[in-house]
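# Structural description and commentary
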Amino acid sequence: MKLVVRTQVEQPLPQVWAGFDQRLFDQLNPPFPPVRVVRFDGSQKGNVVHIELNFLFFRQDWISLITDQQETDKEIFFIDTGNKLPFFLSFWQHKHRLLRQGHQTIIADEVTYKTPGGWLMDWLFYPILWAQFVYRKPIYKRYFAAK
């Protein structure tokens, strides 16, 4: 299953790429479930991001590896691939694309995922995942507002 959410922000591509750090990562986390960052190496190939999701009565680890990162004049992207996923996911790949749009940038979150329950559960999970990524749009806009 694939989900794509795009957000246009006011800063140019190099500044947006420079802002993809742990401070932004911390701000993007939704209110539920609460997230604790265990490890955040960054967004370069080979980096590891390990978070712990707190579902009140139990916790789930989510460990992703940055499996690719490339840069051109028009686009910078990196891909995080889930190595250890929470119970509700069996596959996760998130391509973070930053696309030059004149003096602005489009942030495109392109997520491919699977749940352990097959295509029906994939479809049922889609609105939840969509909401988690739409939640990021005002944060991106505020974080990368024109200065």
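Anyway, here's the lowdown on the structure attached to this text. (Residues numbered from 1 in each chain as written. Predicted model: local features only at pLDDT ≥ 70, side-chain atom pairs only at ≥ 80, totals over all residues. Heavy atoms only, no water.)

## Topic: the nonpolar core
Note on soluble globular proteins: their nonpolar side chains tend to be buried together. Cut-off, in case you're wondering: Within this scheme, the nonpolar core is defined by two criteria: the residues are buried Ala, Val, Leu, Ile, Met, Phe, Trp, Tyr or Cys, and they are joined through side-chain atoms within 4.5 Å. Three labels apply to residues, based on accessible area from a 1.4 Å probe with only protein chains included: buried if under 20% of the type maximum, exposed if over 50%, partly exposed otherwise in between. The helix and strand labels rest on DSSP assignments: H or I over at least four residues marks a helix, E over at least two residues marks a strand, and numbering proceeds from the N terminus. A contact between two residues is defined here by any heavy atoms of the two lying within 4.5 Å.
Within the largest apolar cluster, 18 residues are counted, with the highest numbers of intra-cluster contacts made by Trp 62, Leu 89, Trp 92, Val 111, Tyr 113, Leu 129 and Phe 133. Mapped onto this core, the elements with two or more residues apiece are strand E1 (2-9), strand E3 (48-54), strand E7 (104-114) and helix H3 (119-134). Ignoring any residue separated from it by four or fewer positions in sequence, one finds Leu 89 in contact with Trp 62, Tyr 113, Lys 114, Thr 115, Pro 116 and Phe 125. Counting residues in hydrophobic clusters, the runner-up holds 16 residues, among them Ile 66, Phe 78, Ile 107 and Tyr 140.

## Some points on the pairing of E3
Convention followed: Being paired, for any two strands, means DSSP has found at least two bridges between them.
Among the 7 residues that make up E3, 7 are buried, leaving the element largely enclosed by the rest of the structure. Side chains Val 48, His 50, Glu 52 and Asn 54 of E3 all project onto a buried face; the interleaved residues Val 49, Ile 51 and Leu 53 project onto the opposite face, where all are buried too. Pairing analysis gives 5 bridges linking strand E2 (residues 35-40) to E3, with the strands arranged antiparallel. From the neighbouring strand, Val 37 faces E3, where its bridge partner is Ile 51. Pairing of E3 with strand E4 (residues 59-71), which is carried by 7 bridges, proceeds in the antiparallel orientation. Among the inter-strand pairings, Asn 54 is bridged to a residue of E4, identified as Arg 59.

## Some thoughts on the packing of H3 against helix H4 (residues 136-143)
Worth spelling out the cut-off: Note on geometry: axes are lines fitted to C-alpha atoms, helical ones only across the stretch in contact, with angles between N-to-C directions running from 0 to 180 degrees. The labels follow the angle: roughly parallel below 35 degrees, roughly antiparallel above 145, roughly perpendicular from 65 to 115, and oblique for the rest. Gly counts as polar in this scheme, as do all residues outside two lists: the nonpolar Ala, Val, Leu, Ile, Met, Phe, Trp, Tyr, Cys and Pro, and the charged Asp, Glu, Lys and Arg.
It is at 5 Å that the axes of H3 and H4 come closest, and there the two elements cross at 15 degrees. By the angle class used here, H3 and H4 are roughly parallel. Across the interface between the two elements, Gln 132, Phe 133 and Val 134 from H3 touch Arg 136, Lys 137 and Pro 138 from H4. Classifying every residue of the contact of H3 with H4 by side-chain character gives 3 nonpolar, 1 polar and 2 charged.

## Considering H3
As a reminder, the rule being used: Helices are assigned an expected span. That span is 1.5 Å times one less than the residue count. Bend at a given residue is defined as the angle between two axes, one fitted to the seven residues that end at that position and one fitted to the seven that begin there.
Over its 16 residues, H3 extends 22 Å from the first C-alpha to the last, a length consistent with the 22 Å expected when each residue adds 1.5 Å. Largest kink in H3: about 35 degrees, centred on Tyr 126, with the proline Pro 127 one to four residues after it. Restricting attention to buried positions, one finds in H3 the residues Asp 122, Phe 125, Leu 129 and Phe 133. Close packing links the buried residues of H3 with E1, strand E6 (91-101), E7 and H4.

## A look at H4
Applied cut-off: Taking the helix axis as origin, the arc is that swept by the directions to the C-beta atoms.
Arg 136, Ile 139, Tyr 140 and Tyr 143 are the residues of H4 that are buried. Across the axial projection of H4, the buried residues extend over an arc of 100 degrees, all falling on one side. Lining the buried residues of H4 we find E1, helix H2 (22-28), E6, E7 and H3.

## A short note on the packing of aromatic side chains
Quick reminder of the rule: Any two of the Phe, Tyr and Trp rings considered here, Trp counted by its six-membered ring, make a pair once their centres fall within 6.5 Å; the pair's planes then place it as stacked at under 30 degrees, edge-to-face at over 60, or tilted in between. Our definition puts a charge over a ring when NZ of Lys or CZ of Arg is within 6 Å of the ring centre and also within 35 degrees of the ring normal.
Counted under the stated rule, the structure contains 17 aromatic pairs. When the centroid spacing of 5.6 Å and the interplanar angle of 40 degrees are considered together, the rings of Phe 88 and Phe 125 count as tilted. Placement of Phe 88 in the loop between strand E5 (75-84) and E6 and of Phe 125 in helix H3 is noted, with a sequence separation of 37 residues between them. As far as burial versus exposure is concerned, Phe 88 and Phe 125 are alike and both buried. Following the ring pairs from residue to residue traces out a cluster consisting of Phe 32, Phe 55, Phe 58, Phe 87, Phe 88, Tyr 113 and Phe 125. The residue whose ring lies beneath Lys 95 is Phe 77, and the NZ or CZ to ring-centre distance is 4.3 Å.

Everything listed here is a matter of coordinates, which is why it stays silent on function.
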